[in-house]
Amino acid sequence: YIVSEHKTMKGVVYDRDPVAAVAGEFIKNYGMEDRVGAVGGNYLVDDFGSGYDLVWASATLNFARNDLDCLITRIFSSINNGGYFLSFQEGMTAEMTRPDNMLDWLGSLLSAGVDFRLAQGEVADSMLRCGFSHVRSMTLSTPMGQMDLDIARKH
């Protein structure tokens, strides 16, 4: 959608192989193959490219929670000077109990001893540690509940 709204913009959807395959079908159905590609891989270990003006991470950085600085350093390296990194994810507050809608899907993981929760401000702090400047954060009301948007710029 973002690319379709800007005539000269090109984009890449990067996700796990099965998700990238489905994204490729959507891209084809919308006739955007000449401007948007879909690449499968594991962003924790695989190369996800470089030369980007914008990287958007949507509800996924929690999987890198235990090595967030490493991933965000790689993202920083992939972005052109003057480019942006946007992260859209839960930002847990109130001793990691809010927003409560996040606890629904996390409950089974927590009972198994796996904790993927990100505290509010955790991504923004990592962005600053990893070289980004002018980080701005806001909490947004979405159909999924409260979500945080962290925006960082690379100079």
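Quick summary incoming for the structure in this document. Since the structure is predicted, the reported quantities are computational estimates derived from the model, not experimental observations. Residue indices follow the written sequence of each chain, beginning from 1 at its first position. Only residues with pLDDT of 70 or above have their local features reported here, since the model is predicted, and side-chain atom pairs are shown and tallied only from 80 upward, although totals for entire chains, interfaces and linings are computed over all residues. Note that water and hydrogens are dropped before the side-chain values are worked out from all heavy atoms of the structure.

## Concerning helix α4 (residues 122-129)
Relative accessibility decides the category of a residue: with a 1.4 Å probe and only protein chains considered, values under 20% of the type maximum give buried, values over 50% give exposed, and everything between is partly exposed. Helix and strand labels come from DSSP, where a helix needs a run of H or I of at least four residues and a strand needs a run of E of at least two; each type is numbered from the N terminus. Three or more residues of α4 are buried, namely V123, A124, S126 and M127. The arc that holds every buried residue of α4, seen down its axis, measures 160°, which confines them to one face. Throughout, a contact is declared for two residues whenever any of their heavy atoms are within 4.5 Å. The inward-facing, buried residues of α4 abut α2 (68-78), β4 (79-89), β5 (133-142) and β6 (145-153). Where α4 terminates, the next one or two residues include G131, which has phi positive at roughly 110°. For this quantity, the arc is that covered by the directions from the helix axis to the C-beta atoms.

## Quick word on the sheet that holds β6
A pair of strands is considered paired only if DSSP assigns at least 2 bridges between the two. The strand order across the open sheet formed by four strands is β3-β4-β6-β5, and the pairing between neighbours is mixed. With partners counted over all chains shown, the strands left at the sheet margins are β3 (52-58) and β5, one partner each. Taking the axes of each pair of neighbouring strands and ignoring which way they run, one obtains an average angle of 15° across the sheet. Two elements, β4 and β6, share six bridges in a ladder whose sense is antiparallel. From the neighbouring strand, Y84 faces β6, where its bridge partner is R153. Axis definition: a line fitted to C-alpha atoms, limited for helices to the stretch in contact. Angles are taken between N-to-C directions and run from 0 to 180 degrees. Against the sheet, α2 touches β3 and β4, its axis set at about 140° to β4.

## Focus: the layout of surface pockets
Whether a set of points on the 1 Å grid over the protein atoms alone is a cavity depends on a 1.4 Å probe fitting there but being unable to get out, while an open set qualifies as a pocket with protein on both sides within 12 Å along at least five of seven lines; lining residues are those with an atom within 4 Å of a point. Grid points are joined across faces, edges and corners, and a volume is the space filled by probe spheres set on the points. The computed volume of the largest pocket comes to approximately 1,600 Å³. The wall of the largest pocket is formed by 39 residues, among which G11, V12, V13, Y14 and W56 lie closest to the centre. Broken down by element, the residue count for the lining of the largest pocket peaks at seven residues, all from β3. Under this grouping Gly is polar, as are all residues other than the nonpolar Ala, Val, Leu, Ile, Met, Phe, Trp, Tyr, Cys and Pro and the charged Asp, Glu, Lys and Arg. Of the residues contributing to the lining of the largest pocket, the split by class is 27 nonpolar, eight polar and four charged.

## Thoughts on the pairing of β6
Direction of pairing for β5 relative to β6: antiparallel, over a ladder of eight bridges. The residue bridging T142 from the neighbouring strand is G145, located in β6. Between β5 and β6, which pair antiparallel one after the other, the connecting turn spans two residues.

## Examining helix α1 (residues 17-29)
A helix is expected to span 1.5 Å for every residue after the first. Over its 13 residues, α1 runs 19 Å from end to end, which matches the ideal 18 Å to within 8%, given 1.5 Å per residue. Tucked inside the fold, the buried residues of α1 contact β1 (11-15) and β2 (36-40). Positive phi appears at G31, one or two residues downstream of α1, with a value of about 65°.

## Points about the nonpolar core
Residues L61, I72, I75, F85 and F132 are the most contacted members of the largest nonpolar core, which totals 19 residues. Sorting the residues of this core by element identifies β3, α2, β4 and α4 as the ones contributing at least two each. No other element matches the five residues that α2 contributes to this core. We call a set of buried Ala, Val, Leu, Ile, Met, Phe, Trp, Tyr and Cys residues a nonpolar core when their side-chain atoms join them within 4.5 Å.

Function cannot be inferred from these measures alone, as they are strictly geometric.
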